[in-house]
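Here is how the chains run, residue by residue.
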Amino acid sequence: MFKKLINKNKNQPIQSNFDLDLHNIPNHVAIIMDGNGRWAKQRKLPRIKGHYQGMQTVKKITKVASDLGIKYLTLYAFSTENWTRPESEVNYIMNLPVNFLKTFLPELIENNVKVETIGFMEYLPSSTLKSIAKAKEDTKHNTGLKLIFAINYGGRAEIVNSVKSIYDELTAKGLTSDEITEQMIDDHLMTHAYPDPDLLIRTSGEQRISNFLIWQVSYSEFIFNEKLWPDFDKEELINCIKIYQSRQRRFGGL
Ligand code: V0D
């Protein structure tokens, strides 16, 4: 049994002295990309600079995830609550997919990555939707990493929608609530085509789910990483996966 080393400052287990097991990579990693505003503030930069740098991190982490053989990467890009931010900030964020895809779509295609989204997309500006639609179309036959952006997404609203559509289906068929099962609720979520996340990472030290995939993370491992999202990198992701693997060694496969 190994001795757990604790970093005094961060209370985080140091795993870097263990090897990454390439045969036990989590199938689905979900990330709450927190700390972009704080990153900018620390540098006395406007918040949008933090979002821009956060977008650059998305590019790097997508490549790493793809190289590691992760099959699903779900990123919380915009929550249903984020609309309360200043209009200029929201406008800037809404243009990030356009910016991201202009520079990065060829590399996504080259790496066999498939772009998908979850969330209430109909509320996004048409220019944003157009750009994302093209990315989905151009990558729809790709068989590698599924890169899933959660945009205007909220877990409770997703469950409400699922329940409503189940109700409508049952009523149309003249059936009763006796038919409702966990599987049925799952099948009506926006994530119905994906397995549940094996690993949920939240950056910037906050330890909350904040309405992200609340139904789907029932059995996920949670890792709270101290880095602000713009500073998150390959080494940090690998370290998170090592922590995930060490928990599996201790608690899994009994
Ligand atoms: C802002 C940090 C990439 C979190 C990352 C519209 C907040 C940067 C995308 C993106 C956002 C989305 C779809 C797509 C390609 C790229 C993105 C949003 C915010 C919300 F097909 N970064 N990014 N989308 N941020």
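First things first, this report covers the structure right here in the doc. (Residues numbered from 1 in each chain as written. Predicted model: local features only at pLDDT ≥ 70, side-chain atom pairs only at ≥ 80, totals over all residues. Heavy atoms only, no water.)

### Comments concerning the packing of aromatic side chains
Phase 1 of the analysis: Scanning the entire structure with this criterion turns up 9 aromatic pairs.
Phase 2 of the analysis: Judged by centre distance (5.9 Å) and plane angle (55 degrees), the rings of Y72 and Y194 are tilted. Here Y194 lies in the loop between α6 (182-187) and β5 (199-202) and Y72 lies in strand β2 (residues 72-79), a separation of 122 residues in the sequence.
Phase 3 of the analysis: Given a relative accessible area of 15%, Y72 falls into the buried group.
Phase 4 of the analysis: Of the residues examined, Y194 reaches a relative accessible area of 11% and is grouped as buried.
Phase 5 of the analysis: When the ring of Y76 is compared with that of Y153, the centres are 5.9 Å apart and the planes differ by 80 degrees; the resulting orientation is edge-to-face. Of the two residues, Y76 sits in strand β2 while Y153 sits in strand β4 (residues 146-153), which places them 77 residues apart along the sequence. (Phe/Tyr/Trp six-rings, centres within 6.5 Å; stacked < 30°, edge-to-face > 60°. Helix = DSSP H or I, 4+ residues; strand = E, 2+ residues; numbered from the N terminus. Buried < 20%, exposed > 50% of the residue type's maximum accessible area, 1.4 Å probe, protein only.)

### Some points on the sheet that holds strand β1 (residues 28-32)
Phase 1 of the analysis: Strand order across the open sheet formed by 6 strands is β3-β4-β2-β1-β5-β6, with parallel pairing between neighbours. Each edge of the open sheet carries a strand with a single partner, namely β3 (114-118) and β6 (221-224). In this sheet, neighbouring strand axes are inclined to one another by 20 degrees on average, regardless of whether the strands run parallel or antiparallel.
Phase 2 of the analysis: Relative to β4, β3 runs parallel, the two sharing 5 bridges. Counted as the bridge partner of E116 is I148 from β4.
Phase 3 of the analysis: Strands in contact with helix α7 (residues 234-251) are β5 and β6; relative to β6, the strand with the most contacts, it is inclined by about 140 degrees. (Pairing = 2+ DSSP bridges. Axes fitted to C-alpha atoms, helices over the stretch in contact; angles between N-to-C directions. Contact = heavy atoms within 4.5 Å.)

Nothing here speaks to function; it is all geometry.
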